[in-house]
Amino acid sequence: RMPGQPRYLSSTAVVFAEALKLLASFGVLAWQQGLGGAATTVWNGLVLAWRDTLLVGVPAMLYLVQNNLLYMATTHLDAATCQVAY
């Protein structure tokens, strides 16, 4: 964080980045299949195939933790250390 700039929560930045990806992905799906087809595909993939959703959820949570730790590292380490460590 630079002096004089407002503070933010790194978890908020991660959640908004993931929400933006979700909206962009649904937008592309709706463009390809239409809004009804996209909604049906999402319903079938998330709700009806709930076991697959749970299997994908574990790596997704690990990715969320990794992203939060990366934001924390960038706020507490200098740029050179961050680049070498990541």
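Rules used in this analysis
- Residues numbered from 1 in each chain as written.
- Predicted model: local features only at pLDDT ≥ 70, side-chain atom pairs only at ≥ 80, totals over all residues.
- Heavy atoms only, no water.
- Helix = DSSP H or I, 4+ residues; strand = E, 2+ residues; numbered from the N terminus.
- Rg over C-alpha atoms; globule rule 2.2 N^0.38 Å.
- Buried < 20%, exposed > 50% of the residue type's maximum accessible area, 1.4 Å probe, protein only.
- Areas by Shrake-Rupley, 256 points an atom, 1.4 Å probe, with all protein chains shown as cover.
- Expected span 1.5 Å × (residues − 1).
- Bend = angle between axes of the 7 residues up to and from the residue.
- Axes fitted to C-alpha atoms, helices over the stretch in contact; angles between N-to-C directions.
- Parallel < 35°, antiparallel > 145°, perpendicular 65-115°, else oblique.
- Left-handed = near helix turned anticlockwise from the far one by under 90°.
- Contact = heavy atoms within 4.5 Å.
- Nonpolar A, V, L, I, M, F, W, Y, C, P; charged D, E, K, R; others polar.
- Salt bridge = Lys/Arg side-chain N within 4 Å of Asp/Glu carboxyl O.

Undergrad: For the overall build of the protein, give the residues involved together with the corresponding values.
TA: The helix and strand tally for the protein stands at 3 helices and 0 strands. Shown N-terminal to C-terminal, the secondary structure of the protein runs as helices and strands in the order α-α-α. Compactness check: the protein gives a C-alpha radius of gyration of 18 Å against a globular reference of 12 Å for 86 residues, more than 25% above the reference. Taking the principal axes of the C-alpha coordinates as reference, the protein spans close to 50 × 25 × 20 Å. Here the protein holds 86 residues, and the buried ones make up 8% of them. Accessible surface computed for the protein: about 7,100 Å², of which carbon and sulfur atoms make up 72%.

Undergrad: Now, about helix H2 (residues 50-76): what can you tell me, with residues and values included?
TA: With 27 residues, H2 should reach 39 Å at 1.5 Å per residue; the first-to-last C-alpha distance of 39 Å fits that figure. Along H2, the sharpest kink reaches roughly 30°, centred on Gly57 and followed within four residues by the proline Pro59.

Undergrad: Just give me the short version of the packing of helix H1 (residues 10-48) against H2, but keep the residues and values in it.
TA: The N-to-C vectors of H1 and H2 enclose an angle of 155°; their axes lie 9 Å apart at closest approach. For the element pair H1 / H2, the angle class is roughly antiparallel. Judged by the sense of rotation from one axis to the other, the crossing of H1 with H2 is right-handed. For the pair H1 and H2, contact is made by Ser10, Ser11, Ala13, Val14, Glu18, Lys21, Gly45, Leu46, Val47 and Leu48 and by Trp50, Thr53, Tyr63, Leu64, Asn67, Asn68 and Tyr71, respectively. Taken together, the residues that form the contact of H1 with H2 break down as 9 nonpolar, 6 polar and 2 charged.

Undergrad: Give me the lowdown on the pattern of salt bridges, citing residues and values where you can.
TA: If the charged atoms of two oppositely charged side chains come close together, the side chains can form a pair. Considering all chains together, one arrives at 1 salt bridge under this definition. Of the charged contacts in the structure, one is a salt bridge between Lys21 and Glu18, with a shortest N-O distance of 3.1 Å. Within this pair, Lys21 and its partner Glu18 are both found in helix H1, separated by 3 residues, close to a single helical turn. Its relative accessible area of 27% is what places Glu18 among the partly exposed residues.

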